[in-house]
Amino acid sequence: MSIIGMIVVGGMVATMLPVTTPIKFSMVGATVKLQTMFNQIMPGLLPLALTLLIFWMIRKKFSISKLTIGLLIVGVLAHVVGIL
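Source: prediction; values computed, not measured. Throughout this document, residue positions are counted from 1 along each chain, in the order its sequence is written. Restriction of local features to residues with pLDDT of at least 70 applies here, the model being predicted, together with a cutoff of 80 or more for giving and counting side-chain atom pairs; totals for whole chains, interfaces and linings are based on all residues. The basis for every side-chain value is the complete set of non-hydrogen atoms in the structure, without hydrogens or water.

1. Remarks on the overall build of the protein
The following threshold applies: For helices the rule is a DSSP run of H or I covering at least 4 residues; for strands it is a run of E covering at least 2, with both sets numbered from the N terminus onward. Any residue under 20% of the maximum accessible area for its type is buried, any over 50% is exposed, and the rest in between are partly exposed; the area is computed with a 1.4 Å probe on protein chains only. Here, two residues are considered to be in contact whenever any of their heavy atoms come within 4.5 Å of each other.
Scanning the protein from N- to C-terminus turns up four helices and two strands. Counting helices and strands in the order they occur from the N terminus, the protein gives α-β-β-α-α-α. Across its three principal axes, the protein shows a C-alpha extent of roughly 50 × 30 × 20 Å. Here the protein holds 84 residues, and 11% of them are scored as buried. Put simply, 43% of the contacts in the protein that link residues at least 6 apart link residues at least 24 apart.

2. Structural notes on the side chain of Thr-21
This is how the line gets drawn: Each polar contact in these results corresponds to two N or O atoms within 3.5 Å; when the atoms are within protein, one needs to be able to donate a hydrogen and the other to accept it, and residues that are neighboring in sequence are counted only if both atoms are side-chain atoms.
Counting through the fold element by element, Thr-21 comes out in the loop between α1 (3-16) and β1 (24-27). Owing to a relative accessible area of 10%, Thr-21 belongs among the buried residues under this scheme. One polar contact links the side chain of Thr-21 to the main-chain amide nitrogen of Ile-23, over a distance of 3.5 Å. Among the polar contacts listed, one links the side chain of Thr-21 to the backbone oxygen of Ile-83, at a separation of 2.7 Å. In contact with Thr-21, not counting residues within four places along its chain, are Leu-34, Gln-35, Phe-38, Leu-46 and Ile-83.

3. Topic: the side chain of Gln-35
With respect to the helices, strands and loops of the structure, Gln-35 is situated in helix α2 (residues 34-41). We classify Gln-35 as buried; its relative accessible area is 14%. Here Gln-35 is in contact with Val-19, Thr-20, Thr-21 and Leu-46, once residues within four sequence places are set aside.

4. Regarding the packing of helix α3 (residues 45-59) against helix α4 (residues 64-81)
Helix packing geometry: the angle between the two helix axes and the distance between the axes. Note the following rule: Structural elements are reduced to axes, namely lines fitted to C-alpha atoms, with helices fitted over the stretch in contact, and the angle between N-to-C directions of any two is expressed from 0 to 180 degrees. Oblique is the label for every angle not falling under 35 degrees (roughly parallel), over 145 degrees (roughly antiparallel), or within 65 to 115 degrees (roughly perpendicular). Left-handed is the label given to a crossing in which the near helix is rotated counterclockwise from the far helix by less than a right angle, and right-handed is the label when the rotation is clockwise. Asp, Glu, Lys and Arg are counted as charged, while Ala, Val, Leu, Ile, Met, Phe, Trp, Tyr, Cys and Pro are counted as nonpolar; the rest, among them Gly, fall into the polar class.
Direction vectors running N to C along α3 and α4 enclose 150°, while the axes themselves pass 10 Å from each other. Viewed along their axes, α3 and α4 adopt a mutual orientation that is roughly antiparallel. Relative to α4, α3 is oriented so that their crossing is right-handed. Only Ile-64, Leu-67 and Leu-71 of α4 make contact with α3, whose side of the interface consists of Leu-50, Ile-54, Met-57 and Ile-58. Here the contact of α3 with α4 is composed, by residue class, of seven nonpolar, no polar and no charged.

5. Considerations on α3
The condition is simple: The length a helix should cover is 1.5 Å for every residue beyond the first. Comment: arc refers to directions from the helix axis out to C-beta atoms.
With 15 residues, α3 extends 21 Å from end C-alpha to end C-alpha; this agrees with the ideal 21 Å at 1.5 Å per step. Among all positions of α3, only Pro-47, Ile-54 and Met-57 are buried. Viewed end-on, α3 has its buried residues packed into an arc of 95°, placing them on one side of the element. Tucked inside the fold, the buried residues of α3 contact α1 and α4. Taken from the residues just after α3, Lys-61 is the one with a positive phi, measuring 70°.

Quick look at the structure:
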């Protein structure tokens, strides 16, 4: 993959793949939102992690159709549980 292609894909991931999490942790007198922590470390960290995971799985010769169905199932289950 060329450098220009990687830049374009990176820009698309950052703008077109909104992956956020509503998980909160309660500590003594304070509530910490996990998404806020991720955004302070690096905005767009979750979409980047998901994209890199899928890219790695494609490189390891996972079937694209199985990846698509798996992402759909995991996304729906994560939404129902309240993770995404």
